[in-house]
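Spelled out, the chains give:
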Amino acid sequence: MKLPEPTPGLVIRFDYTWYKDNFKKERPCAIVLASSETGMVTVVPITHSYPDIGEEDQSLQVPEDVCKAMGLDEDINYVRLSEVNRFEWPSDRIKPLPNDPSRCDYGNVPKDFFLEMRKRLAEAVRAGRLGTSKV
């Protein structure tokens, strides 16, 4: 599997660790920060699960056209903006796509949607609500 350069907005398949319960699951994740200096990458998870009650404002539903642009399936998807995973690139937690084992990347987040994601992440950081797992 050839690894692309880690760039903000790239959606990869990653063995994500949930902050609340340390449960790991392979899933699409969007890179929100990538440092060429340190090799550290920060990702947010993308899930089909509806946000927990009281946490709806900590997720962003991905519109159908954005899902298509990002290379995701046609189901409803949510970007969780209350937690992130940080890791050093490359990592053995980067996984091949189920439908194309030669790749780990789905596609890219369109610019306007990416800017909204970053804005909401910044709000979570300012409010002290961002859970971070270094994996």
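To be clear, the structure that these remarks concern was listed above.
Computed from a predicted model, the values in this text were never measured in an experiment. In every chain, residue numbers begin from 1 and rise along the written sequence. It should be noted that, the model being predicted, local features are given only for residues of pLDDT at least 70 and side-chain atom pairs only at 80 or more, the latter also being counted only at that level, while totals for whole chains, interfaces and linings use all residues. In computing side-chain values, all of the structure's heavy atoms are included and hydrogens and water are not.

Engineer: Where do I start with the overall build of the protein in this structure?
Structural biologist: Labels follow the DSSP assignment, with helices taken as runs of H or I lasting at least four residues and strands as runs of E lasting at least two, numbered in each case from the N terminus. Within the protein one finds two helices and eight strands. In the protein, the order of α-helices and β-strands from amino to carboxyl end is β-β-β-β-α-β-β-β-α-β. Overall, the C-alpha framework of the protein stretches about 40 × 35 × 30 Å when taken along its three principal axes. Any two residues whose heavy atoms approach within 4.5 Å are treated as being in contact. Once local pairs closer than 6 in sequence are excluded, the contacts in the protein between residues at least 24 apart make up 68%. Looking at the protein, you have 19 positive and 22 negative side-chain charges, and the mean spots of the two groups are 3 Å apart. In this tally, Lys and Arg are treated as positive and Asp and Glu as negative; His is ignored, and so are the chain termini. To locate a charge, the coordinates of NZ of Lys, CZ of Arg, CG of Asp or CD of Glu are taken.

Engineer: So what exactly am I meant to see when it comes to the packing of aromatic side chains here?
Structural biologist: Aromatic rings in a pair are described by how distant their centres are and how their planes are angled relative to each other. Note on aromatic pairs: the rings of Phe, Tyr and Trp (six-membered ring only in Trp) are paired at centre separations within 6.5 Å, and the planes decide the class, stacked below 30 degrees, edge-to-face beyond 60, tilted for the rest. Summed over the entire model, instances satisfying the criterion amount to four aromatic pairs. Ring geometry for Y16 and W18: centres 5.1 Å apart, planes at 70°, overall edge-to-face. Considered together, Y16 and W18 belong to a single accessibility category, that of buried residues. Put simply, the rings of F14, F87 and W89 touch in pairs and so form one group of aromatic residues. Categorising residues by exposure relies on relative accessible area from a 1.4 Å probe, with only protein chains included: less than 20% of the type maximum marks a residue as buried, more than 50% marks it as exposed, and the intermediate range marks it as partly exposed.

Engineer: Sorry if this is basic, but what is going on with the environment of G107 here?
Structural biologist: Here G107 shows up in strand β7 (residues 105-108). It is 8.4 Å that separates the C-alpha atoms of G107 and G9, two residues lying 98 residues apart in sequence. Residue contacts for G107: discarding those within four places in its chain leaves G9, L10, V11 and M70.

Engineer: Explanation requested: unusual backbone geometry in the structure shown.
Structural biologist: Peptide bonds are trans in most cases, and residues, glycine excluded, mostly fall at negative phi. Cis geometry marks the peptide bond from W89 to P90; its omega dihedral reads -5°. Not every positive phi belongs to a glycine, and N22 is a case in point at roughly 60°. With respect to the element layout, N22 can be found in the loop between β1 (10-17) and β2 (24-34). Look at N22 and you get exposed, because its relative accessible area is 56%.

Engineer: I would appreciate a short explanation of the pairing of β2 in the present structure.
Structural biologist: Regular strands show a simple pattern: their side chains alternate between the two faces of the sheet. Across seven bridges, β1 lies against β2 in antiparallel orientation. Of the residues in β2, the one forming a bridge with T17 is K24. Between β1 and β2, which pair antiparallel and follow one another directly, the connecting turn spans six residues, one of which, N22, has a positive phi of 60°. Only strands joined by at least two bridges in the DSSP assignment are considered to pair. Inspection of the sheet shows β2 paired to strand β3 (residues 40-47) by five bridges, in the antiparallel sense. By the bridge assignment, L33 is partnered in β3 with T42. Between β2 and β3, which pair antiparallel one after the other, the connecting turn spans five residues, and G39 there sits at a positive phi close to 80°.

Engineer: How should I be thinking about a negative patch on the surface in this particular structure?
Structural biologist: Patch rule: a residue counts if its relative accessible area is over 30% and it has no salt bridge; like charges are joined within 9 Å, and nonpolar side chains (Val, Leu, Ile, Met, Phe, Trp, Tyr) within 5 Å. Surface accessibility in these figures is a Shrake-Rupley result with a 1.4 Å probe; residues are shielded only by whichever protein chains are displayed. Definition used for salt bridges: Asp or Glu carboxyl oxygen within 4 Å of a side-chain nitrogen of Lys or Arg. On the surface, E64, D65, D73, E74 and D75 cluster together into a negatively charged patch. Mapping D73 onto the fold places it in the loop between α1 (64-70) and β5 (77-80).

Engineer: Explain the side chain of Q58 here, please?
Structural biologist: With respect to the element layout, Q58 can be found in the loop between β3 and β4 (59-62). Setting aside anything within four residues of it in sequence, one finds Q58 in contact with V79, R80, L81, S82, R120 and R129.

Engineer: Which parts of the structure should I look at to understand the state of the cysteines?
Structural biologist: Our working definition of a disulfide is a cysteine sulfur pair at a distance within 2.5 Å. What the rule picks out here adds up to zero disulfides. The thiol of C104 is not disulfide-bonded; the next cysteine sulfur, from C29, is found 11 Å away. With a relative accessible area of 0%, C104 lands in the buried category.

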